[in-house]
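An overview of the molecular structure
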Amino acid sequence: MGMVNRHFIRIFWYAYLMCLFFQAVYAEAKVTKPNILMILTDDLGYADVGFNGAKDIKTPNLDVLAQNGVTFTSAYVAHPFCGPSRAGLFTGRYPHKIGSQYNLPTVKGAGGIGVPVEETYFSRVLQDSGYFTGAVGKWHLGEARQYHPNSRGFDEFFGFLNGGHDYFPDQSSKRYAALVEAGRTNIYGYIAPLEYNGSPVQETEYLTDALSREAVKFIDKAKASTQPWFLYLAYNAPHTPLQAKEEDLAVFPHIQDAKRRTYAAMVLAVDRGVARIVDHLKKTHQFENTLIIFFSDNGGRLDQGASNSPLSEGKGSVMEGGYRTPMFIHWAEGLERGQSYRHPVHALDFYPTLTNLAGGQVPEGKQLDGKDILPAILSGESARPGESIFVMRHRKGLSDVAARRDRWKAVRVANGAWRLFDVEEDPGETTDLSEQYPKLLADLVADMDAWSWSHEHPRWFHIQKEGFDWREDNMPRFHETFELPTGSLD
Ligand code: CA
C-alpha cells in the first residue's frame with residue numbers, strides 16, 4: 001500500500017471517528033434539553049399549599065413534587081396583581097418599564113391594546129430554539145391578533161384571553177350567547193367561550209379539569225413532534241368567582257367559612273390536575289427530564305378565602321403577602337431533591353434562566369431585569385447579593401413601593417412613614433428597624449428612586465376612572481413617593 005493510500009485511509013478513519021463523536025454529542029445535547037412545564041396559579045395564597053404549612057387545604061400531589069424538588073421561601077413576582085405580574089414574567093422586565101403597570105380592561109377585546117410587541121416573550125425565544133410551545137388557561141396580555149398567544153411564541157393555545165373566567169363554562173356560554181343574540185357588544189369576558197388557537201370551543205367540563213385535560217393533550221402532541229416542549233399552564237384557580245364542584249366541596253366539611261371552603265375545593269382541583277399531568281409524564285417516560293415550576297401570579301385575597309400567613313396583607317399590597325408567593329421547582333434529572341432555597345428569587349428570572357436552559361438566544365437589544373438563577377440554586381448561594389428587587393403599586397394620587405435587598409426590605413404604604421424590616425427573620429413585617437438603620441433605609445430609598453426613572457407612562461388603565469385620576473392627580477409624583485423625613489440621617 002502506497003503512502004498516499006495510507007494517508008487517505010487515516011483521513012477517512014479520522015473523519016469517521018469525528019462523525020461518531022459529533023453524533024454522540026448531538027444526541028447528548030438533544031436528550032439533555034429538558035421539557036419545561038410552568039404551572040402558574042392565580043391569586044393563590046402563600047400559606048394555601050401543604051408544602052407551605054396549610055392544614056385545612058389539601059395539596060398532596062403538589063407537596064410530593066415540592067418535597068422531591070426545591071422549594072423557595074422568598075419567591076417574588078413583578079406585581080401584586082395579575083396583568084402586570086404576567087407582563088413581567090413573559091418580558092423579563094418590570095411592567096412599569098413597558099407601560100404595563102395596570103391590568104388590561106375587562107371588556108372582551110380590551111380595545112385592541114396589549115403588552116408591546118417589541119418585547120419578545122421568552123416563549124418565542126424557546127420556540128425559536130426548537131421547543132414545541134403551548135399555553136393553556138388564562139392569558140391576560142392582550143386580545144388583538146398581534147398580542148394573542150399564537151402571535152407571541154406559542155404553537156398551541158387553549159383557554160381564554162381575558163383576566164378571568166367562570167368555572168362552569170357550559171352555563172356561562174349560554175348567558176353569553178343570549179347577550180350576543182340581544183345585540184350586546186361590550187360583554188364581560190368571564191363568560192365568553194373558551195378558544196383553541198383563535199377559534200371558539202364549546203366546553204362542558206369544570207374549567208380547572210378542562211385545563212388539566214388540555215395540558216395532557218398538549219403533552220401528547222408535543223411528544224409526537226419529537227421536539228422538546230414548553231407548556232405554560234395558567235390555571236385561573238383559585239381566582240374569583242369562587243366556584244367549585246360539589247364533590248370537591250364535600251372533601252372539606254371541616255371548613256366552616258363558606259368562602260374558605262370553596263377556595264379549598266378549587267385548590268384541590270388544581271392539585272388533582274397536576275397529579276393527572278404528572279401521571280401522564282411518568283407513563284410516557286418524560287417525568288425525569290421535565291422541569292416543573294409551580295408558583296402564583298400574586299398573593300391571595302384575604303377577603304376571598306385565602307391565607308398568606310405568616311406574611312402580611314395580600315393581593316394588591318406591597319407588603320410581603322401581596323407578591324411573595326409559594327413556589328417550587330421539580331426536576332429529577334437536574335436538581336437535588338428536598339432542598340429549600342431561602343434567598344430572594346424573582347419571576348423576572350425565568351426569562352434568562354429558561355432561555356439558557358433551552359440553549360436559546362436572548363434577542364439582540366432585549367433588556368432583561370432578572371438573572372439566570374440556576375447556578376445559584378445549585379450552589380445554594382444568593383443569586384443577587386447586594387441587589388434590590390422592587391415592587392410598586394400605583395393608587396389614587398400616590399404609589400406604594402418597596403425594595404428587598406438581601407435580608408432587608410424598605411417599604412412605604414399610603415405615603416405613610418418609611419419602614420425597614422428584616423424579612424428573613426421577620427417575614428410578617430412586624431418589627432420596624434428604620435430607626436436602627438437609617439443609612440440602610442436611605443440607600444434602599446435611593447435605589448428605588450433611581451429605578452423609578454426607568455418607568456414609562458402607563459399604556460392603559462384597568463378602568464377609565466383610573467386614567468382620569470392619574471391625570472387629575474398629576475401622577476406619578478415620584479418626588480413625594482421617595483422623600484425621606486428631613487434630618488433622618490443627622
Ligand atoms: Ca392574580
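Residues numbered from 1 in each chain as written. Predicted model: local features only at pLDDT ≥ 70, side-chain atom pairs only at ≥ 80, totals over all residues. Heavy atoms only, no water.

What follows concerns the environment of K174. Looking at the element boundaries, K174 is found in helix α5 (residues 169-181). Judged by its relative accessible area of 60%, K174 is exposed. Separated by 87 residues in the primary sequence, K174 and R261 have C-alpha atoms spaced 27 Å apart. (Helix = DSSP H or I, 4+ residues; strand = E, 2+ residues; numbered from the N terminus. Buried < 20%, exposed > 50% of the residue type's maximum accessible area, 1.4 Å probe, protein only.)

The predicted coordinates ought not to be read in detail in places where the model reports low pLDDT. For the protein, per-residue confidence averages 93 on the pLDDT scale, and residues scoring 70 or more make up 92% of the total. The low-confidence segment residues 24-30, where pLDDT is below 50, has 0 contacts with residues more than four positions distant or belonging to other chains. (pLDDT = per-residue confidence, 0-100. Contact = heavy atoms within 4.5 Å.)

Okay, the packing of aromatic side chains next. Two aromatic rings, taken as a pair, are described by how far apart their centres are and by the angle between their planes. If you walk through the whole model with that rule in mind, you get 30 aromatic pairs. On the numbers, 6.1 Å between centres and 80° between planes, the contact of Y102 with W470 is edge-to-face. Here the residue Y102 occupies a position in the loop between α3 (82-91) and α4 (122-128), and W470 occupies one in helix α13 (residues 464-472), the gap between them amounting to 368 residues. A ring pair is formed by F461 and W470, whose centres lie 5.8 Å apart and whose planes are at 55°; its orientation type is tilted. For the residue pair F461 and W470, the accessibility class agrees, reading buried in each case. One aromatic cluster is present, built from ring pairs that chain together F90, Y121, F122, W139, F154, F230, Y232 and Y351. When the ring centre of Y121 is taken as origin, the NZ or CZ atom of R152, which lies over that ring, is 3.8 Å away. (Phe/Tyr/Trp six-rings, centres within 6.5 Å; stacked < 30°, edge-to-face > 60°. Lys NZ or Arg CZ within 6 Å of the ring centre and 35° of its normal.)

Further remarks concern the coordination of the calcium ion. The protein atoms that coordinate the calcium ion are D42 (OD), D43 (OD), C82 (SG), D297 (OD), D297 (OD) and N298 (OD1), at distances spanning 2.2 to 2.6 Å. Mapped onto the polypeptide sequence, the residues donating to the calcium ion form the spacing pattern D-D-x38-C-x214-D-N. Remark: N298 occurs in the loop between β8 (290-296) and α9 (320-323) and C82 occurs in helix α3; sequence separation between them is 216 residues. Just as C82 is buried, N298 falls in that class too. (Donors = N, O, S within 2.8 Å, 3.2 Å for Na, K, Ca; no water.)

Below, the discussion takes up the nonpolar core. For soluble globular proteins, nonpolar side chains are generally found buried alongside one another. M38, L89, Y232, F295 and M448 are the most contacted members of the largest nonpolar core, which has 81 residues in total. Here the element with the most residues in this core is helix α12 (residues 438-452); it accounts for 5 residues. A domain split of this core shows at least three residues from each of domain 1 (35-379) and domain 2 (388-481). Sequence-distant contacts of M38, that is, excluding residues within four places in its chain, are made with L89, F122, F230, L231, Y232, L233, I293, F295, F350 and L354. (Core = buried A, V, L, I, M, F, W, Y, C linked by side-chain atoms within 4.5 Å. Domains from an automatic or database assignment.)

Quick look at α13 now. For α13, the complete set of buried residues consists of G467, D469 and W470. Burial along α13 is one-sided: seen end-on, the buried residues are contained in an arc of 165°. Facing away from the buried side of α13 by more than 90 degrees, the exposed set consists of Q464, F468, R471 and E472. Positive phi shows up at N474, right after α13, with a value of about 55°. (Arc of directions from axis to C-beta.)

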